[in-house]
Every structure is written in C-alpha cells, then in structure tokens.
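Residues per chain are reported as follows:
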Amino acid sequence: MRLIDKKCKLCRREGMKLFLKGQRCFTEKCAVSRRDYPPGVHAQKRAKVTEYGVRLREKQKLKRIYGVAEKQFKLYFLEAERLKGNTGEHLMVLLERRLDNVVLASGFALSRNHARQMINHGHFRVNNKRVDICSFQVRPGDLITPGTAENTRKMVSESVEVNKSQPVPAWLEISPDTLTSKIVGIPRREDVPHPIQEQLISELCSK
C-alpha cells in the first residue's frame, strides 16, 4: 500500500514538513508555510487531542515520512524490539537504512516517490548487483550506484545537480562525479533529521 492522498494535505495534517515533494518543500510554495493548520472545513475547531492521539500522530508522522504501510511498520517495530538498547532509536535507524532512503539522502532522487520508482524499475545497484526492493537494508561498506544505461545516469545526474545544496548524512560518503554513495557507518539517532519523538511511538506500539 502506498500513500495516495494529496501530499501537502498529509503535511498539514501532521503540522510539519514531511518532505514528500522534494525540493518544493524548501520553497515558498510549501503548503505548510502558507497554511499552518490541518486541512478540512472544521479543522481549526477540532477537540483537544488526547494522550493516545498525541502518540498516534507521532507514529503517523514517521510512517508517512518513510512511506511505509501499517503492517510493514509493525514488522520494523518488532525487529527493533528484538535488538538490545532503545527500541525507538533502533526503529529510526532501521528506517534510515532502507535503500529508498539512502538513494534520496544521497541526492540521487528528487523525492522519496522518485527514489522508489527508480529502484522498482531496477535503476540502482548495490555492490554491482541489481536491487529492486525499496526496503532493502544497507550495511556499512555497501556501494550504491546507478545502472550503466545512459538515461539512468542522466536522471541521477540531474537529481544530484538539483540537490547539491542539501546536506549529506555523516554515515554516507558521496562522490557526485562518479555518482556513487558508500555506506561508511550505521546511522545514529542524531543523524536522523526528522523531529520525531520516538519514545511516544514505543509507548503506543508496546501496548
């Protein structure tokens, strides 16, 4: 299941930028900047949010940022619970290590949907092997590169040019000239740029 709602409405519903439209989110056209209230006729008259509602909204934010469905999200949470340490932080790291997120963070795509589309169509390689699974978990030492087809490298080059002003996570080593992205470490919680309160999500999903 993929997100099919209007992306700007999703951002307004969560009260924050989810960066679902790539570079548009950094411009004055961003709907959150122009209308910082939820969508809907009676949106500004909604009742006070309960403690459950606050935790639910944090979970919905995280799901929508990374574009994962409820069933898949539960699997990520169960895996995070099995790991030693902070479950919420492990959850964030697992989502960061998705291949579609790495492609986006490397500047090789214009948006998360764009990254998904290119991966699904087989435009990327991991250690020179074609990978068409967006949820593929990268590991330290992995090398992500676009395919050799001319149109593939052209798409990626254009994306890199558009995204050149965006910061690159410390756990990635990007080479714009050769269009390569190397995983140089495991992402830490402080490397995740999204203002998510993962402890609230852990409290909700642990019940």
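Heads up: the structure comes first, above all this text.
Residues numbered from 1 in each chain as written. Predicted model: local features only at pLDDT ≥ 70, side-chain atom pairs only at ≥ 80, totals over all residues. Heavy atoms only, no water.

A.B. asks: Explain the nonpolar core residue by residue, including any values.
C.D. replies: Of all hydrophobic cores here, the largest spans 20 residues; its most connected members are Leu-99, Val-102, Val-103, Phe-124, Val-138, Ile-144 and Ile-183. Put simply, the parts of the chain that give this core at least two residues each are α6 (99-105), α7 (112-120), β1 (124-126) and α8 (150-162). Apart from residues no more than four positions distant in its own chain, Leu-99 is found in contact with Ile-119, Val-126, Val-131, Ile-133, Cys-134, Phe-136, Val-138 and Ile-144. Counting residues in hydrophobic clusters, the runner-up holds 15 residues, among them Ile-65, Tyr-66, Phe-77 and Val-192. (Core = buried A, V, L, I, M, F, W, Y, C linked by side-chain atoms within 4.5 Å. Buried < 20%, exposed > 50% of the residue type's maximum accessible area, 1.4 Å probe, protein only. Helix = DSSP H or I, 4+ residues; strand = E, 2+ residues; numbered from the N terminus. Contact = heavy atoms within 4.5 Å.)

A.B. asks: Now, about the sheet that holds strand β4 (residues 172-175): what can you tell me, with residues and values included?
C.D. replies: Whenever strands of a sheet pair, they do so through backbone hydrogen bonds, lying parallel or antiparallel. Within the open sheet, the five strands sit side by side as β2-β1-β3-β5-β4. Their pairing is antiparallel. Here the strands that pair on one side only, and so sit at the sheet edges, are β2 (129-130) and β4. Direction of pairing for strand β3 (residues 143-146) relative to strand β5 (residues 180-183): antiparallel, over a ladder of two bridges. Paired with Leu-143 across the bridge in β5 is Lys-182. (Pairing = 2+ DSSP bridges.)

A.B. asks: Outline unusual backbone geometry, supporting the account with residue identities and numerical values.
C.D. replies: Negative phi is the rule for most residues except glycine; trans is the rule for most peptide bonds. Backbone geometry places Asn-127, a non-glycine residue, at a positive phi of 55 degrees. By the element assignment, Asn-127 lies in the loop between β1 and β2. A residue is classified by how much of its surface remains accessible, and Asn-127, at 38% relative accessible area, is partly exposed. In this structure, Asn-128 is a non-glycine residue whose phi angle is positive, near 70 degrees. Along the chain, Asn-128 turns up in the loop between β1 and β2.

A.B. asks: So what's going on with the packing of aromatic side chains? Residues and values would help.
C.D. replies: As enumerated under the stated definition, the model contains one aromatic pair in all. Measuring from centroid to centroid gives 6.2 Å for Phe-108 and Phe-124, while their planes differ by 10 degrees, and the two rings are stacked. Remark: Phe-124 occurs in strand β1 and Phe-108 occurs in the loop between α6 and α7; sequence separation between them is 16 residues. On the basis of relative accessibility, which here comes to 0%, the residue Phe-108 falls in the buried class. (Phe/Tyr/Trp six-rings, centres within 6.5 Å; stacked < 30°, edge-to-face > 60°.)

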